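Remarks on the overall topology
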Amino acid sequence: MHLISIDDLSTADIETLFRLSDGFLEVASRPIKKVPTLRGRTLINMFFEASTRTLTSFELAGKRLSADVVNIKASGSSVSKGESLKDTILTLESYRPDILVMRHDKVGACRMATRYTNARVVNAGDGSGEHPTQCLLDLYSLRRTYGSLEGLKVAIVGDVLRSRVARSNVFGFRKMGIDVRLVGPPTLMPPGIEQWDVPVYDDLSALEDVDVVYLLRMQLERAKGTVPPVPSLREYSRIWGLSPQRLRSGQRVMHPGPINRGVELTGDLADSAPSLILHQVESGLAVRMGILYHVLAPHPGEGPLVEEPLA
Ligand code: ASP
C-alpha cells in the first residue's frame with residue numbers, strides 16, 4: 001500500500017502500527033540498534049523541501065531495518081537543472097526501489113508519483129496538503145503518554161491555513177477518538193474550514209479544558225508574495241504565543257517542529273516538563289520504522305511479503 005493521506009489507514013492499521021512501533025522502540029534501546037527486517041530492500045528518500053526530523057528519522061529507520069538507503073535532495077540533484085518530477089521518478093524506477101519517501105512543495109505530488117513507480121510511496125509532506133507520518137508519530141506519542149487516546153481533548157493552535165500537519169492531525173486524531181478543536185486568528189484558518197466539521201475558536205480561552213495544546217509553526221515561507229495573515233510575528237506571539245503562565249497545571253504541549261522560540265511558544269516552555277516535543281521526535285523514529293514495514297507488508301491484492309519484524 002501507499003501512504004499518501006492519513007485516510008489511507010483504518011483504525012486497525014493504526015493500532016497495528018502502534019504495536020510495531022512498540023517493538024521498534026525497544027530496538028532503539030538496545031546497544032545494537034538494528035534488525036534484519038528489510039535486508040535487501042531499497043529505500044529512496046526524495047526531499048524536494050527542507051527537513052531535519054523527517055529526513056533523519058526515515059534515513060535512520062531504513063538503516064536500522066537493514067534496508068539500502070539513498071537520500072536525494074532537490075539542491076545537488078538534477079531537479080536543480082530543471083528535470084521534471086516525472087522524469088526524476090522514472091529514472092529512479094530503473095533502480096527498482098521498494099519504497100519512495102517523498103517530500104515536495106506541491107499538494108498532490110506524492111499521489112502523482114504513484115503513477116510512475118512500482119515502489120510503495122510514502123508522503124513525507126506535500127505542500128500544504130498532508131503529513132500523515134507526522135500525524136502517526138503524534139498519535140503514538142500521545143498513546144505512550146496517556147495510555148489511551150479515546151476522549152483525550154486536544155487543541156491545535158495557530159497557522160492552520162498553510163499547515164499540512166493540521167489537516168492530517170484533525171482527521172487522524174478524530175479517527176482515533178480524540179476530541180479535537182482548532183484555535184487561532186480567523187486570518188489563519190483556511191477557506192472552507194466548515195467542511196472539516198471541527199470546532200474553531202478565535203480565543204485562547206478555548207484551551208482551558210484541553211489535555212494537550214498542539215502548537216503549529218508560523219509558516220511564513222509559504223506566505224511569500226501574499227498579504228501577511230498577521231500584522232507581525234511580535235504581535236502574533238503577544239496574543240497567541242504560549243508561555244508556562246498561559247498553561248494550566250497538568251496540560252502538555254506538542255509541536256511538530258521546527259519550533260520558533262519566542263513566536264509560537266516561549267523558550268522556557270519548550271524546555272519545560274509539560275513539553276512533549278522531543279518525545280514526539282523519539283516516537284517518530286519508531287513509528288517510521290513501523291511505517292516502512294507496514295507499507296511493504298501484504299495488503300489485499302498486493303505483494304510482496306516481508307519477514308515478520310524482530311524475528
Ligand atoms: N515539520 C513539519 C512539516 O514539515 C511542520 C513545519 O514545518 O512547521 O510540515
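The structure we're discussing is the one just above.
Residues numbered from 1 in each chain as written. Predicted model: local features only at pLDDT ≥ 70, side-chain atom pairs only at ≥ 80, totals over all residues. Heavy atoms only, no water.

Observations regarding the pairing of strand β3 (residues 99–104)
Most of β3 is tucked away: six of the six residues are buried. Side chains Ile 99, Val 101 and Arg 103 of β3 all project onto a buried face; the interleaved residues Leu 100, Met 102 and His 104 project onto the opposite face, where all are buried too. Summarising the sheet, strand β1 (residues 42–47) and β3 pair through five bridges and their orientation is parallel. Directly across from Leu 43, in β3, lies its bridge partner Ile 99. (Buried < 20%, exposed > 50% of the residue type's maximum accessible area, 1.4 Å probe, protein only. Helix = DSSP H or I, 4+ residues; strand = E, 2+ residues; numbered from the N terminus. Pairing = 2+ DSSP bridges.)

As for the site of the ligand
Every residue close to the ligand is listed here: Arg 103, His 131, Arg 164, Val 165, Arg 217, Pro 256, Gly 257 and Pro 258. Between the ligand and Arg 103, the relevant distance is 3.0 Å, taken from an oxygen atom to a side-chain nitrogen or oxygen of the residue. Here an oxygen atom of the ligand and a side-chain polar atom of Arg 217 are 2.7 Å apart. Starting from 260 Å² of accessible surface for the ligand in isolation, the protein chains cover 93%. Split by residue class, the shell around the ligand holds three nonpolar, two polar and three charged. (Near = heavy atom within 4 Å. Polar contact = N/O pair within 3.5 Å; in protein donor to acceptor, adjacent residues only side chain to side chain. Areas by Shrake-Rupley, 256 points an atom, 1.4 Å probe, with all protein chains shown as cover. Nonpolar A, V, L, I, M, F, W, Y, C, P; charged D, E, K, R; others polar.)

A closer look at the packing of helix α1 (residues 11–28) against helix α5 (residues 132–146)
The geometry of α1 relative to α5 is characterised by a closest axis approach of 11 Å and an angle of 70° between their N-to-C directions. Comparing the axis directions of α1 and α5 gives the class roughly perpendicular. Between α1 and α5, the contacting residues are Ile 14, Leu 17, Phe 18, Ser 21, Asp 22 and Leu 25 on the first element and Leu 136, Leu 139, Tyr 140, Arg 143 and Arg 144 on the second. Here the residues of the contact of α1 with α5 are counted per class, giving seven nonpolar, one polar and three charged. (Axes fitted to C-alpha atoms, helices over the stretch in contact; angles between N-to-C directions. Parallel < 35°, antiparallel > 145°, perpendicular 65-115°, else oblique. Contact = heavy atoms within 4.5 Å.)

Regarding the pattern of salt bridges
For the coordinates displayed, the defined rule picks out twelve salt bridges. The shortest N-O distance in the salt bridge between Lys 63 and Glu 59 comes to 2.7 Å. Of this pair, Lys 63 and Glu 59 both sit in helix α2 (residues 53–64), four residues apart, roughly one helical turn. Looking at Lys 63, the relative accessible area reads 37%, which means it is partly exposed. (Salt bridge = Lys/Arg side-chain N within 4 Å of Asp/Glu carboxyl O.)

Quick look at the packing of aromatic side chains
All chains considered together, the criterion is met by three aromatic pairs. Residues Phe 171 and Trp 196 carry aromatic rings whose centres are separated by 5.8 Å and whose planes lie at 50° to one another, so their mutual orientation is tilted. Of this pair, Phe 171 sits in helix α6 (residues 164–175) while Trp 196 sits in the loop between β6 (179–183) and β7 (200–201); the two residues are 25 residues apart in sequence, bridging distant segments of the chain. By relative accessible area, which is 8% here, Trp 196 ends up buried. (Phe/Tyr/Trp six-rings, centres within 6.5 Å; stacked < 30°, edge-to-face > 60°.)

Here's the deal with the environment of Arg 144
The residue Arg 144 is located in helix α5 in this model. Residue classification places Arg 144 among the partly exposed residues on the basis of a relative accessible area of 29%. In this structure the C-alpha to C-alpha distance between Arg 144 and Gln 280, which are 136 residues apart in sequence, comes to 10.0 Å. Ignoring sequence-local partners within four residues, the contact set of Arg 144 consists of Leu 25, His 279, Glu 282 and Ser 283. At a separation of 2.8 Å, a polar atom in the side chain of Arg 144 contacts the side chain of Glu 282.

Here we look at the pairing of β6
The buried fraction of β6 amounts to four of the five residues, a majority that puts the element mostly inside the structure. Inspection of the sheet shows strand β5 (residues 153–157) paired to β6 by five bridges, in the parallel sense. Opposite Val 154, over in β6, you have Val 180 as the bridge partner. Once you follow β5 into α6 and on to β6, the crossover reads as right-handed. Examined bridge by bridge, β6 and β7 share two bridges and lie parallel to one another. When the bridges of β7 are listed, Leu 182 appears paired with Val 200. (Right-handed = clockwise from strand over helix to strand, strands pointing away.)

No statement about biological role is implied by the geometric values presented.
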